[in-house]
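Topology and contacts: notes
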Amino acid sequence: MTNKDRVLSGIQPTHESFHLGNYLGAVKQWVELQDSHDAFYCVVDLHALTTSPDPAKLRKQTLSSVAQLIALGLDPERCTLFIQSHVPAHNQLAWVMECLTGFGEASRMTQFKDKSAKSGTDRTVVGLFTYPMLMAADILLYQASQVPVGEDQRQHIELTRDLAQRFNATYKETFTIPSGYILKAGAKIYDLQDPTAKMSKSAESPSGIIDLMDAPEVNIKKIKSAVTDTERDVSFDEKKKPGISNLLTIYSALTNKSIKESEADFSGKGYGDFKGAVAEVVVEFFRPIRAKALELLDDPTHLNKILTLGAEKAEEVANKTLKDTYDAMGIIPRA
Ligand code: ATP
Ligand code: LTN
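Below, the structure is looked at part by part. (Residues numbered from 1 in each chain as written. Chains lettered and ligands numbered in written order. Predicted model: local features only at pLDDT ≥ 70, side-chain atom pairs only at ≥ 80, totals over all residues. Heavy atoms only, no water.)

**Some thoughts on unusual backbone geometry**
For clarity, the threshold we go by: Numbering of helices and strands starts at the N terminus; helices are DSSP runs of H or I of at least 4 residues and strands are runs of E of at least 2.
Phi is positive for Gln143, which is not a glycine, with a value near 55°. Its place among the elements puts Gln143 in the loop between α7 (126–140) and β4 (146–148). Despite not being glycine, Asn256 has its phi angle at roughly 60°, a positive value. Mapped onto the elements of the fold, Asn256 is located in the loop between α10 (242–255) and α11 (259–265).

Quick look at the structure:
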């Protein structure tokens with residue numbers, strides 16, 4: 001046990017590869033927080049069931065997500081890395097959260113509203129509606145004080161805080177009230193073909209997404225075909241020049257230079273040179289990470305060992321919180 005503050009975050013295994021937005025908006029912070037905090041990170045396979053994936057794909061994507069997280073810098077010795085479904089307390093606490101959430105309150109979640117508006121209520125599963133309550137359970141089980149996520153998850157964190165406060169006030173002080181750990185710069189990476197939409201795993205076309213596991217040639221081509229504007233100067237202006245600004249955000253985040261320094265690197269140069277440089281930075285950054293992920297995927301025994309240890313460490317904390325929760329609510333333990 002440590003006295004460090006806890007952090008918890010999760011990522012869905014909905015795709016075989018993470019994209020640059022997932023890395024810069026989320027995983028980069030996960031890596032940074034593992035030394036200063038007692039960090040718990042999970043691959044949320046149960047959340048991914050809301051998108052009815054194919055079983056073989058889900059298996060593959062779950063392991064690929066774990067391999068990529070390790071390749072990106074999560075060290076199972078310095079953080080607790082596990083698969084959500086390996087710790088049944090997540091489902092158990094989710095039910096408690098569902099019993100605390102108002103129907104109207106859940107109906108106001110924008111992620112649910114957007115996704116259900118796209119497919120219609122008859123085709124929208126109830127799991128999508130209760131998704132934020134399972135996410136609240138993920139966070140509260142570990143008494144996390146901070147939750148590193150991208151901007152799009154802010155509302156879910158707010159709901160988690162409300163539910164924790166409601167439980168503590170109704171029953172007994174049980175949960176730590178978490179806050180979001182949301183980065184401003186680089187918190188949102190946009191689609192290369194539509195720089196007003198976020199880069200997203202569920203985008204209709206893959207042409208604007210930079211996937212970590214894609215071959216370098218594929219990503220170079222995508223970056224060189226990124227939508228820009230009819231001007232000539234490489235300068236940051238999100239309203240007038242969303243495409244160039246997005247590429248500058250990416251360049252600056254991966255080189256650890258400020259936006260001003262990044263602009264200066266390309267003063268007097270054209271968009272062609274700029275895109276070539278961004279492509280090189282991205283591809284060189286991902287090259288060793290992709291190789292490491294592939295190497296890990298080649299050794300499932302090693303990966304499974306890491307996951308078993310992770311689940312054991314996670315379960316120890318989660319089961320204690322679940323027990324306290326049940327006790328506070330009057331649920332009798334089995335004698
Ligand atoms: P989808 O768009 O299909 O819901 P996603 O691409 O957003 O999927 P998630 O698994 O929902 O992927 O997100 C994982 C993490 O990556 C979250 O913390 C999220 O905030 C962050 N994230 C996702 N897309 C971006 C983006 N374009 N820019 C910054 N952060 C992002
Ligand atoms: N909903 C999140 C993924 C997620 C998560 C969590 C993030 C599930 N459980 C707990 C932080 C903490 C998403 O779509 N990005």
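Having seen the structure, we can now continue with the description.
**A short note on the site of ligand 1**
Here is the rule we go by: We call a residue near a molecule or strand whenever a single non-hydrogen atom of that residue lies within 4 Å of it. Definition of a polar contact: a pair of N or O atoms within 3.5 Å, with one able to donate and the other able to accept a hydrogen when the atoms are protein atoms, and with sequence-neighbouring residues admitted only if both atoms are side-chain atoms. All accessible-area figures derive from a Shrake-Rupley calculation using a 1.4 Å probe, and residue coverage is judged against the displayed protein chains alone. Residues were grouped as follows: Ala, Val, Leu, Ile, Met, Phe, Trp, Tyr, Cys and Pro as nonpolar; Asp, Glu, Lys and Arg as charged; and all remaining residues, including Gly, as polar.
As a structural note, the neighbourhood of ligand 1 is formed by 19 residues, with Asp152, Ile189, Lys198, Ser200 and Ser202 the closest of them. The separation between an oxygen atom of ligand 1 and a polar side-chain atom of Asp152 is 2.5 Å. Between a nitrogen atom of ligand 1 and a main-chain N or O atom of Met199, the distance comes to 2.9 Å. Here ligand 1, which alone exposes 600 Å², has 93% of that area covered by the protein. With 4 residues, helix α1 (residues 20–36) is the largest single contributor of residues to the shell around ligand 1. In terms of residue class, the shell around ligand 1 is built from 6 nonpolar, 8 polar and 5 charged.

**A word on the environment of Ser107**
We count it as follows: Each residue is placed in one exposure class: buried if its accessible area under a 1.4 Å probe, protein chains only, is under 20% of its type's maximum, exposed if it is over 50%, and partly exposed if it falls in between. We call two residues in contact whenever any of their non-hydrogen atoms come within 4.5 Å of each other.
If you trace the backbone, Ser107 turns up in helix α5 (residues 103–107). For Ser107, a relative accessible area of 24% gives the class partly exposed. Once the C-alpha coordinates of Ser107 and Gln84 are considered, the two residues, 23 residues apart in sequence, prove to be 25 Å apart. Among all residues touching Ser107, those that are not within four sequence positions of it are Phe112, Lys113 and Phe129.

**Focus on helix α12 (residues 271–297)**
What counts, and what does not: Between the first and last residue of a helix there are one fewer steps than residues, each counted as 1.5 Å, and that sum is the expected span. A residue's bend is the angle separating two fitted axes: one through the seven residues that end there, the other through the seven that start there.
Spanning 27 residues, α12 covers 38 Å between terminal C-alpha atoms, matching the ideal 39 Å at 1.5 Å per step. Where α12 bends most, the angle comes to about 30°, and this point is Arg287, followed within four residues by the proline Pro288. Those residues of α12 that sit buried are Tyr271, Phe274, Lys275, Val278, Ala279, Val282, Val283, Phe286, Ile289, Ala293 and Leu296.

**Comments concerning the nonpolar core**
The following threshold applies: Nonpolar cores are built from buried Ala, Val, Leu, Ile, Met, Phe, Trp, Tyr and Cys residues. Side-chain atoms within 4.5 Å join them into one set.
Formed by 53 residues in total, the largest nonpolar core has its most connected members in Leu20, Tyr41, Leu69 and Val282. Listing elements by their share of this core, those giving two or more residues are β1 (6–11), α1, β2 (38–43), α3 (55–71), β3 (80–83), α10, α12 and α13 (300–329). It is α12 that contributes the most residues to this core, 9 residues altogether. Residue contacts for Val282: discarding those within four places in its chain leaves Leu20, Ile210, Ile223, Ile250 and Leu254. In terms of nonpolar packing, the next biggest core, distinct from the first, is built from 41 residues, Val96, Met97, Phe112 and Phe175 among them.

**Observations concerning the pattern of salt bridges**
Put simply, the rule is: Any Lys or Arg side-chain nitrogen found within 4 Å of a carboxyl oxygen on Asp or Glu counts as a salt bridge.
Evaluated as defined, the whole model comprises 14 salt bridges. The closest approach of N and O atoms between Asp233 and Lys241, which form a salt bridge, is 3.5 Å. With a closest N to O distance of 2.8 Å, Glu284 and Arg287 form a salt bridge. Of this pair, Glu284 and Arg287 both sit in helix α12, 3 residues apart, roughly one helical turn. Judged by relative accessible area, which is 41%, Glu284 ranks as partly exposed. Accessibility expressed as a relative area gives 43% for Arg287, which makes it partly exposed. Through salt bridges that share partners, Asp229, Glu231, Asp233 and Lys241 make up one connected network.

**Quick look at the side chain of His90**
Looking at the secondary structure, you find His90 in helix α4 (residues 89–98). With residues up to four places along the chain from it excluded, the contact list for His90 reads Phe82, Gln84, Leu134, Ala137, Asp138, Leu141 and Tyr142.

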